[in-house]
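Here is how the chains run, residue by residue.
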Amino acid sequence: INRSETWINKLIETKFLQLHDKGYAHSIECWKKNQLVGGLYGLAIGGCFFAESMFSSVTNASKFALINLVARLYFLKYSILDIQFINDHLKQFGAFEITQDLFKKKISKYINHKIDFQSLSNKDEDLFDNVLSFLQEIKETS
């Protein structure tokens, strides 16, 4: 969004659009007054979601997208959300590091699971209900 520099170039955009057409690449988007104001995207393969990048031009938009993604993965029984790099922003949501060996073991265990990322509704009211239900379930189990 109006950034002069980004690591997302035309080749990456083209490849992700091709992966989207094949059902692997997905985005969680936040819109305000018909303008994209935040979100994230990544790849869903088996029971694993590999987050690639997130952005926001409105305060907390990327946070809401992340919570929405986590709720979707939770309800669909995904086992791994790979965020690639840990930082304080992601730590506040409970992100933690694991060793490369453990990561490889978990990937090999869950990569062949059959989960349809699109099997939950994408309607705004349903997305909001998914997030509320997720937060309530997490609250009850903690």
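Above: the structure in question.
Read on for a plain summary of the structure. (Residues numbered from 1 in each chain as written. Predicted model: local features only at pLDDT ≥ 70, side-chain atom pairs only at ≥ 80, totals over all residues. Heavy atoms only, no water.)

One can find Gly 39 in strand S2 (residues 35–45). Owing to a relative accessible area of 2%, Gly 39 belongs among the buried residues under this scheme. Through-space distance from the C-alpha of Gly 39 to that of Ser 57 is 9.5 Å; in sequence the pair is 18 residues apart. Leave out the neighbours within four places in its chain, and Gly 39 touches Ile 28, Glu 29, Ser 53, Met 54, Phe 55, Ser 62 and Ala 65. (Helix = DSSP H or I, 4+ residues; strand = E, 2+ residues; numbered from the N terminus. Buried < 20%, exposed > 50% of the residue type's maximum accessible area, 1.4 Å probe, protein only. Contact = heavy atoms within 4.5 Å.)

Bridge analysis of strand S1 (residues 25–32) against S2 gives eight bridges, and the strand direction is antiparallel. Paired with Ser 27 across the bridge in S2 is Tyr 41. In sequence, S1 turns back onto S2 through a hairpin of two residues, with Lys 33 there showing a positive phi of about 50°. (Pairing = 2+ DSSP bridges.)

On to the packing of helix H2 (residues 61–76) against helix H5 (residues 124–141), then. The geometry of H2 relative to H5 is characterised by a closest axis approach of 9 Å and an angle of 75° between their N-to-C directions. For the element pair H2 / H5, the angle class is roughly perpendicular. Residues Phe 64, Ile 67, Asn 68, Val 70, Ala 71, Arg 72, Tyr 74 and Phe 75 of H2 form the contact with H5, whose participating residues are Leu 127, Phe 128, Asn 130, Val 131, Ser 133, Phe 134, Leu 135 and Glu 137. Looking at the contact of H2 with H5 residue by residue, the classes come out as eleven nonpolar, three polar and two charged. (Axes fitted to C-alpha atoms, helices over the stretch in contact; angles between N-to-C directions. Parallel < 35°, antiparallel > 145°, perpendicular 65-115°, else oblique. Nonpolar A, V, L, I, M, F, W, Y, C, P; charged D, E, K, R; others polar.)

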